[in-house]
Amino acid sequence: MNFKEQLEQLSQQVAERKSHIVNEEMTKQSLIIPFIQLLGYDIFNPLEVRPEYSADFAKKKGARVDYAIFNENDASIFIEAKTVNESLEKYNSQLAYYFNATHQLKLAILTNGVEYYFFTDLNVTNVMDESPFLRFNILSITDECLKILEQIRKQNFNTKLISALAEELVYKKDLDAAIYRLLKDPNNDFIRFVIKDVFPTRITATVIDKFRPMVKKSILDSIEMIYHEKNEEASKQISDPKTPASLTRNRNKKPTVAQITDEEIISPDCIKTVKPTESAINEVAVTVEEQTIEQSSIEPSETDMEIYQCVKNILSLEKFDTAELGFHATSDCFNIYYNNVAASILKLYFAESPSYIVIPLPIDDIAKRIGNLLRYEQASNPNSTKIHIDNVQDIYKLARLIIQRVKVLQAINTGI
């Protein structure tokens, strides 16, 4: 079991135990000590872990931090424990006393066994920063947190690298906030910088005001373009090399359901990639023969089932109940529906080349969510849109539309 899996296992244990804990000592024994052990430190060895470690500072005598962790005979990590569910905000100054008393120390942790605040001394050497460089909730593990935790494990501990990672996190957070504000509401200097190469004459306040809405729109369009490029690139990376370059409907081939593998699948948000869970894998491992008998008047083609699998992947990753998903095949159309055959998510047509699908959503919704990723046009029904596709993987470009359509169908079913 690797470190991430061990951390996830501890996360499950914390979720089960925390409601039964009533004081600080139980918090230490049930939640915090297992965390220290997970990092690779022997809690029974005073050369590595010392409970109630003395950290006297100035006139404050008898100060004791709950745990001091040692690396190479030096105190390298202080951990101050509080009762589970207790707010940590008011204890920052208490931890600072301990930190400032130990000059070689570069990492201090304040925790209630669920939340962990990580502190260092980025602003003034040997003086703990007022704000943590990382807030970590063990019930919600992120890659960012995992990276830091990996580094403070006994086998990897490196003070300089921890300081560098902390600095990167703090500055990255500030940069993200600054760029967000700038892109959301660009100031005059930014607008001047952007338009100086496209507006040849003198840039006045009037010119800036004139260009402001255009710059805002260009920012949004550029972000959308980058988003789609990443989505398209990721879609190519997960393409099955056996998938034909263009859609065909050869009914001489026995249809098979494409299995979900460990290859990364694009999430409908198109911002990050995620791996399917074991339950999702088991859920979609249904034979085509069973589905054909229950749902289709004719046998679906291999391409039909690949399209169906793509839709199922998208909805599985967004935690929709795919048991409500079904299909119906005819000689020229393949309908994928939700709950009942009349509640169509999309219909795939092979009458023309290239093939196209019809989604029961207005063309304005399509424009907002796929931009120029695929060619589309108004269908005969004004509330539907015809989208041309070249291959099976194009379905992943429609993830946001598919999710929106299923939400509409759910709302109709529940009467909301």
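Here the structure is shown first, and the text comes after it.
Keep in mind the model is a prediction, meaning the values are calculated, not measured.

Draft legend 1. Highlighting the overall build of the protein. Summing up its helical and strand segments, the protein has 12 helices and 14 strands in all. The long-range fraction of contacts in the protein, counting pairs at least 24 apart against all pairs at least 6 apart in sequence, stands at 57%.

Draft legend 2. Broad picture of the nonpolar core. Core analysis: the largest hydrophobic core is formed by 40 residues, its most contacted members being I36, I77, F118 and I152. Ranked by residue count, the leading element in this core is helix α2 (residues 24–38), at 6 residues. Here F118 is in contact with L107, A108, I109, P132, F133, L134, F136, I148, L149 and I152, once residues within four sequence places are set aside. Counting 37 residues, the second-largest nonpolar core is a separate cluster that includes L315, F320, Y338 and Y396.

Draft legend 3. Structural detail: unusual backbone geometry. Even without glycine at this site, N73 takes up a positive phi of about 70 degrees. Note that N73 resides in the loop between β2 (64–71) and β3 (74–81). Note on N73: relative accessible area 66%, which makes it exposed. In this structure, N126 is a non-glycine residue whose phi angle is positive, near 70 degrees. Positionally, N126 belongs in the loop between β5 (115–119) and β6 (134–137).

Draft legend 4. Representation of the packing of aromatic side chains in the model. Under the defined criterion, the tally for this structure stands at 8 aromatic pairs. Their ring planes at 35 degrees and their centres at 4.3 Å tell us that F35 and Y116 sit as a pair that is tilted. On the criterion of sequence distance, the pair formed by F35 in helix α2 and Y116 in strand β5 is long-range, its members being 81 residues apart. Relative to F133, the ring of F118 has its centre 6.2 Å away and its plane inclined at 55 degrees; by these criteria the two rings are tilted. Here F133 lies in the loop between β5 and β6 and F118 lies in strand β5, a separation of 15 residues in the sequence. A residue is classified by how much of its surface remains accessible, and F118, at 0% relative accessible area, is buried. An aromatic cluster is defined as three or more aromatic residues linked by ring pairs; in this entry it consists of F35, Y116 and F136. When the ring centre of F70 is taken as reference, the NZ or CZ atom of R50 above it lies at 3.9 Å.

Draft legend 5. Just the side chain of Q404, in detail. Topologically, Q404 is positioned in helix α12 (residues 399–414). Sequence-distant contacts of Q404, defined by excluding residues within four places in its chain, comprise L361, D365 and R369.

Draft legend 6. How the structure looks around the pattern of salt bridges. According to the stated counting rule, one finds 12 salt bridges in the structure shown. Residue E89 is joined to R135 by a salt bridge in which the shortest nitrogen-to-oxygen separation is 3.0 Å. In this pair, E89 is assigned in the loop between β3 and α3 (92–100) and R135 in strand β6, connecting sequence segments 46 residues apart. By relative accessible area, E89 is classed as partly exposed at 42%. Judged by its relative accessible area of 46%, R135 falls in the partly exposed class. We note a salt bridge from R212 to D209, for which the minimum N-O separation is 3.5 Å. With a gap of 3 residues between them, R212 and D209 both fall in helix α7 (residues 205–237), about one helical turn apart.

Draft legend 7. Seen up close, the environment of N71. Take N71: it is sitting in strand β2. Residue classification places N71 among the buried residues on the basis of a relative accessible area of 15%. Linking N71 and F157, residues 86 residues apart in sequence, is a C-alpha distance of 7.8 Å. With residues near it in sequence (within four places) discarded, N71 still touches Y41, S76, K154 and F157. A polar side-chain atom of N71 sits 3.2 Å from a polar atom in the side chain of Y41.

Draft legend 8. Molecular detail of the environment of Y91. Looking at the element boundaries, Y91 is found in the loop between β3 and α3. Residue Y91 is classed as buried on the basis of its relative accessible area of 15%. Residues Y91 and T111, 20 residues apart in the sequence, show an inter-C-alpha distance of 9.8 Å. Not counting residues within four places of it along the chain, the set of residues in contact with Y91 comprises K82, E86 and L110. Of the polar contacts made by the side chain of Y91, one reaches the side chain of E86; its length is 2.4 Å.

Reading guide: rules and limits
Residues numbered from 1 in each chain as written. Predicted model: local features only at pLDDT ≥ 70, side-chain atom pairs only at ≥ 80, totals over all residues. Heavy atoms only, no water. Helix = DSSP H or I, 4+ residues; strand = E, 2+ residues; numbered from the N terminus. Contact = heavy atoms within 4.5 Å. Core = buried A, V, L, I, M, F, W, Y, C linked by side-chain atoms within 4.5 Å. Buried < 20%, exposed > 50% of the residue type's maximum accessible area, 1.4 Å probe, protein only. Phe/Tyr/Trp six-rings, centres within 6.5 Å; stacked < 30°, edge-to-face > 60°. Lys NZ or Arg CZ within 6 Å of the ring centre and 35° of its normal. Salt bridge = Lys/Arg side-chain N within 4 Å of Asp/Glu carboxyl O. Polar contact = N/O pair within 3.5 Å; in protein donor to acceptor, adjacent residues only side chain to side chain.

Nothing here speaks to function; it is all geometry.
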